[in-house]
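Given next are the chains, with one letter for each unit.
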Amino acid sequence: MKTYAPLDVTFEHGEGAYLWDSKQQKYLDALCGIAVCGLGHAHPAITRTITEQAGKLLHTSNLYQIDKQQHLASQLCEISGMSRVFFSNSGAEANEAAIKIARLFGHNNNIENPAIIVMENSFHGRTMATLSATGNRKVQAGFEPLVQGFIRAPFNNVDAIKNIAENNNNVVAILVEPVQGEGGINIPDADYLNQLREICDQQNWLLMLDEIQTGMARSGQWFAFQHNNIQPDVMTLAKALGNGVPIGACLANEKAGEVFQPGNHGSTFGGNPLMCATASTVIDTIKSENLLSNVNKMSRYLLDAFNDKLGQLDGVREIRGLGLMIGIELDSEQVAHECSEFVKLALQKNLLINVTAGSVIRLLPPLILDQQQADSIVSTVSELVIDSLQNKVAA
Ligand SMILES: *Cc1c(COP(=O)(O)O)cnc(C)c1O
């Protein structure tokens, strides 16, 4: 079905940060399949795990113990400080689990019509509940009636949350991205999550973080909340967790995690041995290759270089980033074409990038990025932006 309008290119193989198309043209991948292939393409450790596990066992169902799932869950709990994990096959499903936990938590506390606070410009997925939670009309339009039970608040606005607390007695949770990805790489104030944590503690609400895009080292910490001195009650993961095999996870602390009892939730495929063995290798590899430190180093390098080349230009509104989530917000009035055209122009220069929220060039390069590749991203993107701004002036 025509759910996407794909670009006219097919990739046949990849290695590290590079992809080759069917005409053997080489491309630098600064998008990683939308923050999925953090370890790059065809990483030998991932290939080995997938092939070995495929030769042993793919699937048994959750009607039996799955040691690979238990191992992955304990690794995730160790790096996150959480206590329990539910495994799904996608990000939207991980968020569905979080939403169900919040509602059940509410009902267990005698709240009849539990509501979850969600943010403007958020993105939480395409299932009915997650698109209803999403703060983007384009994602919702045509799919009404939406799922009830969400209260919308502006992102990065603590007073708005306090106001909701004063005027509602049925709130059970806040669901928020630590950095809004699809919404345009929107980074909140440094103490935003701390303040949300404080309100949730006062109100007995669950703080639920959607780390589907920010998680698994992308932000320069294992999880973006670790830039703050807090723990969430619930956290969702997917994207980079499997480096390309479909896996999602909903993590919870004891309080939120004990809400689900046998029969409350499930998944046929979720947590199967192939996905879990692969995700365990993702974690092992991020550790053994010291990728957290590489992310921080490359993040500073890219932000400095972009600031150098583009920071003073009138048509560039802001350059922002956390770890290897980088956004360059343009003034669309000053660009010679639709901002989304940059994706095609970059493709012609053998670079894969993305444009989101109308006017934000979004870069999500692999965690293994090296300096030469970073230089190449900066020079291609800067050249395209500068050309476009000059063309507009000339016209
Ligand atoms: C991608 C994304 C999702 C949805 O994940 P799917 O695997 O596409 O269902 C949810 N939340 C955030 C923050 C995302 O970036």
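Structural data are supplied above this passage.
Residues numbered from 1 in each chain as written. Predicted model: local features only at pLDDT ≥ 70, side-chain atom pairs only at ≥ 80, totals over all residues. Heavy atoms only, no water.

### Some remarks on the pattern of salt bridges
- Evaluated as defined, the whole model comprises ten salt bridges.
- The closest approach of N and O atoms between E254 and R84, which form a salt bridge, is 3.2 Å. Linking E254 in helix 9 (residues 254-257) with R84 in strand 4 (residues 84-88), this pair joins segments that are 170 residues apart in sequence.
- The exposure class of E254 is partly exposed, given its relative accessible area of 39%.
- Here E144 makes a salt bridge to R137, at a shortest N to O gap of 2.7 Å.
- The class for E144 is partly exposed, based on a relative accessible area of 40%.
- On the accessibility criterion, R137 (47% relative accessible area) is partly exposed.
- Connected through salt bridges with shared partners, the residues R317, E318, R320, E329 and D331 form a single ionic network. (Salt bridge = Lys/Arg side-chain N within 4 Å of Asp/Glu carboxyl O. Helix = DSSP H or I, 4+ residues; strand = E, 2+ residues; numbered from the N terminus. Buried < 20%, exposed > 50% of the residue type's maximum accessible area, 1.4 Å probe, protein only.)

### Some words on the layout of surface pockets
- As a volume, the second largest pocket reaches approximately 760 Å³.
- Contributing to the lining of the second largest pocket are 26 residues, with Q69, V85, F86, F87 and H265 lying nearest its centre.
- Here the element with the most residues in the lining of the second largest pocket is strand 4; it accounts for four residues.
- The residue inventory of the lining of the second largest pocket, partitioned by class, reads twelve nonpolar, 13 polar and one charged. (1 Å grid on protein atoms, 1.4 Å probe; cavity = no way out; pocket = protein on both sides within 12 Å on 5 of 7 lines; lining within 4 Å. Points joined across faces, edges and corners; volume = space filled by probe spheres on them. Nonpolar A, V, L, I, M, F, W, Y, C, P; charged D, E, K, R; others polar.)

### Remarks on the environment of D308
- In this structure, D308 sits in helix 11 (residues 291-310).
- For D308, a relative accessible area of 70% gives the class exposed.
- Each C-alpha atom of the pair D308 and S382 lies 10.0 Å from the other, and the pair is 74 residues apart in sequence.

### Looking at the packing of aromatic side chains
- Tallying each qualifying case throughout the model produces four aromatic pairs.
- Ring geometry for Y18 and W20: centres 6.5 Å apart, planes at 55 degrees, overall tilted.
- By relative accessible area, which is 16% here, W20 ends up buried.
- Aromatic pair F223 and F225: ring centres 6.2 Å apart, planes at 5 degrees, arrangement stacked. (Phe/Tyr/Trp six-rings, centres within 6.5 Å; stacked < 30°, edge-to-face > 60°.)

### Overview of the sheet that holds strand 14 (residues 354-356)
- Taking strand neighbours across the sheet as the criterion, the four strands line up as 11-12-15-14 in an open arrangement whose pairing is antiparallel. Because the sheet does not close on itself, it has two edges, and the strands there are strand 11 (316-322) and strand 14. On average, each strand axis in the sheet is inclined to that of its neighbour by 25 degrees, with strand direction left out of account.
- Against the sheet, helix 13 (residues 371-394) contacts strand 11, strand 12 (325-330) and strand 15 (360-363), and its axis sits at roughly 170 degrees relative to strand 15. (Pairing = 2+ DSSP bridges. Axes fitted to C-alpha atoms, helices over the stretch in contact; angles between N-to-C directions. Contact = heavy atoms within 4.5 Å.)

### Notes on the site of the ligand
- The immediate surroundings of the ligand are formed by S90, G91, A92, N95, F123, H124, G125, E177, D210, I212, Q213 and K239.
- One of the side-chain nitrogen or oxygen atoms of K239 is found 2.6 Å away from an oxygen atom of the ligand.
- Looking at the shell around the ligand element by element, the count peaks at three residues for helix 4 (residues 91-108). (Near = heavy atom within 4 Å. Polar contact = N/O pair within 3.5 Å; in protein donor to acceptor, adjacent residues only side chain to side chain.)

### Structural notes on the sheet that holds strand 13 (residues 351-352)
- A sheet is described by the order of its strands in space; here four strands give the open sequence 1-2-3-13, paired in mixed fashion. At either margin of the open sheet sits one strand with a lone partner, and together these are strand 1 (11-15) and strand 13.
- In this structure, strand 2 (residues 18-21) lies alongside strand 3 (residues 26-29), joined through three bridges in antiparallel fashion. The residue bridging L19 from the neighbouring strand is Y27, located in strand 3.

### Structural notes on helix 11
- With 20 residues, helix 11 ought to run about 28 Å at 1.5 Å a step, and its terminal C-alpha atoms sit 27 Å apart, in line with that.
- What helix 11 keeps buried is the set L291, N294, V295, M298, S299, L302, L303, A305, F306 and L310.
- Those residues of helix 11 hidden inside the fold are in contact with helix 10 (273-288), strand 11, strand 12, strand 15 and helix 13. (Expected span 1.5 Å × (residues − 1).)

### As for the nonpolar core
- L76 and M216 are the most contacted members of the largest nonpolar core, which totals 86 residues.
- No other element matches helix 11, which puts eight residues into this core.
- M216 has contacts with L76, W222, F223, L237, A240, L241, V282, I283, I286 and L367, leaving out every residue within four places of it along the chain.
- The next biggest cluster of nonpolar side chains, apart from the first, holds 24 residues, and it includes I101, F105, V172 and A252. (Core = buried A, V, L, I, M, F, W, Y, C linked by side-chain atoms within 4.5 Å.)

### A word on the environment of V393
- Note that V393 resides in helix 13.
- The class for V393 is exposed, based on a relative accessible area of 73%.
- Along the backbone, V393 and L251 are 142 residues apart, and their C-alpha atoms lie at a distance of 51 Å.

### A short note on the environment of D210
- Tracing the sequence through the fold places D210 in strand 8 (residues 206-210).
- Placed 131 residues apart in sequence, D210 and E341 show a C-alpha to C-alpha distance of 29 Å.
- Discounting chain neighbours no more than four positions away, the residues touching D210 are N95, F123, H124, L175, V176, E177, P178 and T236.
- A polar atom in the side chain of D210 sits 3.0 Å from the side chain of N95.

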